[in-house]
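One letter stands for each residue in the lines below.
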Amino acid sequence: MPLDRETVKAAIRAKVIDLARALNIDARGVDDGDILPATGFLDSTAILELVVWYERAYDLSLKQEEINIDNLGSINAMTDFLLSRKTRSDA
Amino acid sequence: MPSPLRVPRVNNNDDSVRVVELAVKAGDFVTRGQIVGAVETDKAVLDVPVEHDGYVLQVLYRKGETASVGSVLLWLGENAGERVIEQTREVYAPRAATPARPTAKAQAMLQELGLAASAIPAAGERLTVGDIEAWLAKEPVPSRAPGSARITPTESPPDVAGTYHDLSAEERGMFLTVSWHRDHAVPGYLEIEYDPKAWNDYASRFAEQNKLLLSPLLALLAFRLVELAKKHPRINATVVNDRRYQYDAVNLGFTVQSGETLYLAVVRDAQEMNAGGFIATLGEVQRHAMGHKLSPSESSGATLSFSSMARWGVGRHIPVVPPQTSLIVAHAATRPSGGAVLGATYDHRLLTGFDVVQVLQSLAQAPA
């Protein structure tokens, strides 16, 4: 079943809020375009946890060089990257 | 990795057997199926074959001794130079329903010798030094393997009722690490205060230039520690049999908390990397640790370590020295005043406080 963009965004957003909550931070105001490391909602370890969850949840295997701001820096970027990878693998 | 050959059960009614034959010694090469000894009870004699090819690393019993079923008869390894990790020799002794509690002096003697109180009969209500000496006169004492961590319990059960639970793999790893720190290292700890701003600024610039998703601050600090190991090689060493064992490679251990599990994820041959390569490799092993998928080479062999509890707001922590290393750096959270501490736990057998201060002062200086 093809992935739905809004569903993916909602899932990533929920995970960001969940990881921030573990640090006693309220991240419900996170915008899809926010650069995650700059928001202060998540520290490096939490972002790493987000990446590990992202790989597992969407059955992705990321190369280390793909883990950068351009590909995964925001909820929008993570969604675009995922859909692009899935489209490529479906083709 | 060493593997044990355990004392077999001869029959269902006997929990101990007598070793009647031992045909090998440390250093011998044996092949699968080879009979290396024999054990007997009053009812039968049983040959003991080895299950795979290998070198005999250590034989824990002698001919004529009585051994507990399931205890380690001997250790095998793929090469003759492997070290035995644990010592589990158990000379069989019928146990009283409730072992006598040792006196303080007897407890210290038991700990020194690596013996269990429950194995030694007491003449009175308490186990005394005299009881141990009398027992030693009849029983040989197992020698402890160099560099090994003893896991044999030496304590009497508490007076309060409770139940025993086997340690999980993670708990056992922590137990062995802490036991090595207690039994082998002579730990010291010291710290310096520093201004972390220069390091924070440097890490921000590095992240921006390289479009990194994660702050490279801790990775860059750890990489600087690797570089310092080239200048101060004794921080990348350990003590084996009263001699300094200098590691050829710098394998940087980095603590990673994943759920309830604490890993020491290892970047091997870090001395050959540049900052970018080190950050990428560390990022990869961190991801593996987070996913509980560290490979054996990524979870062992650390020669020098780095730990941070800054994310938890911890302003000071004193980590234990990982087995067969001499130094672990402790990074902590920035204080409200803007200052912070860099600490290190070290093996004082090898490093002086002055050595460690020099390393910490250099580490506190961010690259230009």
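Small disclaimer: the values here were computed from a predicted structure and weren't measured. Counting restarts for each chain, with residues numbered from 1 along the sequence as it is written. Each chain gets a letter, beginning with A, and each ligand a number, beginning with 1, in the order they are written. Predicted model: local features are reported for residues with pLDDT of at least 70 only, side-chain atom pairs are reported and counted for 80 or more only, and whole-chain, interface and lining totals are derived from all residues.

**Re the sheet that holds strand S1 (residues 3-6) of chain B**
All names here are of chain B.
- When DSSP finds two or more bridges between a pair of strands, those strands are recorded as paired. Numbered from the N terminus, helices here are DSSP runs of H or I no shorter than four residues, and strands are runs of E no shorter than two. The strand order across the open sheet formed by 4 strands is S1-S8-S6-S3, and the pairing between neighbours is antiparallel. The two strands at the open ends of the sheet, each matched to only one other strand, are S1 and strand S3 (29-30).
- Sheet topology note: the S1/strand S8 (residues 72-77) ladder contains 4 bridges and is antiparallel. When the bridges of S8 are listed, Pro4 appears paired with Trp75.

**Let's talk about the environment of Val329 of chain B**
Residues and elements named next belong to chain B.
- Mapped onto the elements of the fold, Val329 is located in strand S17 (residues 327-331).
- C-alpha separation for the pair Val329 and His317, spaced 12 residues apart in sequence, amounts to 10.0 Å.
- Placing C-beta atoms from the backbone, we regard two residues as in contact once those atoms come within 7 Å. Those residues in contact with Val329, other than ones at most four positions away along the chain, are Leu225, Phe306, Ser307, Leu342, Ala344 and Leu363.

**Here's the deal with the nonpolar core**
- By size, the foremost hydrophobic cluster in this structure holds 78 residues, and its most contacted members are Val16 of chain A together with Ala222, Leu225 and Leu252 of chain B.
- If you tally residues by element for this core, the top one is helix H5 (residues 217-231) of chain B, at 11 residues.
- Beyond its immediate chain neighbours, meaning those up to four positions away, Leu252 of chain B contacts Ala222, Val226, Val266, Val267, Ala270, Leu304 and Phe306 of chain B.
- Core analysis: the next-biggest nonpolar cluster, separate from the first, contains 21 residues, Val17, Tyr61, Val72 and Val84 of chain B among them. Any nonpolar core is a set of buried residues, restricted to Ala, Val, Leu, Ile, Met, Phe, Trp, Tyr and Cys, that join up through C-beta atoms within 7 Å. Any residue surrounded by 20 or more other C-beta atoms within 10 Å of its C-beta is treated as buried, while 12 or fewer makes it exposed and the intermediate range makes it partly exposed; C-beta atoms here are placed from the backbone.

**Topic: the pairing of strand S16 (residues 304-308) of chain B**
All names here are of chain B.
- By the criterion of burial, S16 is predominantly enclosed, with 5 of the 5 residues buried.
- Neither face of S16 is exposed, since Leu304, Phe306 and Ser308 on one face and Ser305 and Ser307 on the opposite face are all buried.
- Here strand S14 (residues 252-258) runs beside S16; their pairing, made up of 3 bridges, is parallel. If you follow Leu252 over to S16, its bridge partner there is Leu304.
- Here S16 pairs with S17 via 4 bridges, running parallel. Across the sheet, Ser308 pairs through a bridge with His331, a residue of S17.

**Details of the pairing of S8 of chain B**
Residue and element names in this part refer to chain B.
- Of all 6 residues that make up S8, 5 are buried, and the element is covered over most of its length.
- Across 4 bridges, the pairing between strand S6 (residues 54-59) and S8 is antiparallel. Bridging from a neighbouring strand, Gln58 pairs with Trp75 of S8.

**Quick look at the interface of chain A and chain B**
- At the interface, 16 residues of chain A touch 13 residues of chain B.
- Those elements that provide at least two residues to the side of chain A that touches chain B are helix H3 (44-57) and helix H4 (69-72) of chain A.
- Ranked by the residues each element gives to the side of chain A that touches chain B, the list is headed by H3 of chain A, at 7 residues.

**Regarding the packing of H5 of chain B against helix H6 (residues 275-290) of chain B**
Residues and elements named next belong to chain B.
- Convention adopted: a line fitted to C-alpha atoms gives each axis, helices being fitted over their contacting stretch, and angles between N-to-C directions are expressed from 0 to 180 degrees. Packing of H5 against H6 brings their axes to within 10 Å, and their N-to-C directions diverge by 120°. Between H5 and H6, the crossing angle belongs to the class labelled oblique. At the point where H5 passes H6, the crossing takes the right-handed sense. Facing Ala219, Leu220, Ala222, Phe223 and Val226 of H5, the residues of H6 in contact are Ala275, Phe278, Ile279 and Leu282.
- When residues are grouped by polarity, Ala, Val, Leu, Ile, Met, Phe, Trp, Tyr, Cys and Pro land in nonpolar, Asp, Glu, Lys and Arg in charged, and all others, Gly among them, in polar. Of the residues that constitute the contact of H5 with H6, the class distribution is 9 nonpolar, no polar and no charged. Roughly parallel here means an angle under 35 degrees, roughly antiparallel means over 145, roughly perpendicular means 65 to 115, and every remaining angle is called oblique. The hand of a helix crossing depends on one turn: near helix anticlockwise from the far one by less than a right angle means left-handed, and clockwise means right-handed.

**Concerning the confidence of the model for chain A**
- Confidence per residue, as judged by the predictor, is encoded in pLDDT with a range of 0 to 100. Residues at a pLDDT of 70 or more form 97% of chain A, whose mean pLDDT is 92.
- Mean pLDDT across the elements of chain A ranges from a minimum in helix H5 (residues 75-90) of chain A, with 90, to a maximum in helix H1 (residues 5-22) of chain A, with 96.

**Quick word on the sheet that holds S14 of chain B**
Residues and elements named next belong to chain B.
- Strands sit in the order S11-S18-S17-S16-S14-S15 across an open sheet of 6 strands; the sheet is mixed. Each edge of the open sheet is held by one strand with a lone partner, namely strand S11 (187-194) and strand S15 (261-267). Taking the axes of each pair of neighbouring strands and ignoring which way they run, one obtains an average angle of 25° across the sheet.
- Pairing of S14 with S15, which is carried by 7 bridges, proceeds in the antiparallel orientation. Residue pairing across strands places Leu252 opposite Val267, the latter belonging to S15.

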